[in-house]
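Structural features, examined
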Amino acid sequence: MSQEIYGSEPEATRREAGEAESSRASRGWWDRNADEYQSDHGAFLGDDRFVWGPEGLDEAEAALLGPAAELKGLDVLEIGAGAAQCSRWLAARGARPVALDLSHRQLQHALRIGDGVPLVEADAGRLPFGDGSFDLACSAYGAVPFVADPVQVFREVHRVLRPGGRWVFSVTHPIRWAFPDEPGPEGLSVSASYFDRVPYVEQDGSGDAVYVEHHRTLGDRVRDVVAGGFRLIDLVEPEWPAWNNQEWGGWSPLRGNLIPGTAIFVCERDHRAA
């Protein structure tokens, strides 16, 4: 859920929010909050580190995209790249990444850190690339939690991947939606139905959404992956490491040692040509 502070506090509610409203809200929210986000979390994320979530699982250790030594020369699309930290890590291993984000301000932070990675401002549901342009695609908490139609995003990723290409993305673990979004003891008691799929929305005084996050159960996510044309080859639920003592929104050592906070879906496109 959103943790940032607005000039005037928005109203938090649960209501329907379609594709256009969700996209508009996400673009505006990230443009407004990019500075604070990078200030608060930039040190943890690093300038050229590939972290899958608040637990701190590092791609250098996890190798969910494949062995680091085999990334050289591969075309990789990072979706919801933010300041392109993951793309820089990929570039340092000889890959050819492209960092895509909906937020202009997030991409300005990418330029501030370093200009060595191609940046594209676009919606994940309408990727501006030709069929079969990439070998791999990845997204660390980018785009997928905020879109009303994840299958459309997955189909677009499928389209731009070459046969056999891997698609790996991380999202808030679906079980977290049943608990309050709090890092302390109050975040350990179930307060809502896990099966309530009504989006979480923060809206302004006019009722317009300024932040939208969509809930899908674990089963929903698997079915979405399959409907998008992929085969699920792994589902990773990172455990909270002993070295990580940070709190990040509703993530904390207390909660992380008891319930999963992140789900990482490792998917593969079929080997047939599009």
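One can find the structure itself at the top, above this paragraph.
This report concerns the structure included in the present document.

Conventions used here
- Residues numbered from 1 in each chain as written.
- Predicted model: local features only at pLDDT ≥ 70, side-chain atom pairs only at ≥ 80, totals over all residues.
- Heavy atoms only, no water.
- Phe/Tyr/Trp six-rings, centres within 6.5 Å; stacked < 30°, edge-to-face > 60°.
- Buried < 20%, exposed > 50% of the residue type's maximum accessible area, 1.4 Å probe, protein only.
- Lys NZ or Arg CZ within 6 Å of the ring centre and 35° of its normal.
- Helix = DSSP H or I, 4+ residues; strand = E, 2+ residues; numbered from the N terminus.
- Contact = heavy atoms within 4.5 Å.
- Polar contact = N/O pair within 3.5 Å; in protein donor to acceptor, adjacent residues only side chain to side chain.

All right, on to the packing of aromatic side chains then. Evaluated as defined, the whole model comprises 18 aromatic pairs. Look at F129 and F134: their rings are 5.1 Å apart centre to centre, the planes differ by 90 degrees, and that puts the pair in the edge-to-face class. A single burial state applies to F129 and to F134, both of which are buried. Feature note: the residues W29, W30, Y37, F44, F146, Y200, Y211, W243 and W248 constitute an aromatic cluster, connected by ring pairs. Directly above the aromatic system of F44 lies the positively charged group of R49, at a separation of 5.3 Å from the ring centroid.

Topologically, R155 is positioned in helix α5 (residues 150-160). Exposure remark for R155: the relative accessible area of 47% places this residue in the partly exposed category. Sequence-wise, R155 and V266 are 111 residues apart; in three dimensions their C-alpha atoms are separated by 15 Å. Excluding residues that lie within four positions of it along the chain, R155 makes contacts with A227 and G228. A polar atom in the side chain of R155 sits 3.4 Å from the backbone oxygen of A227.

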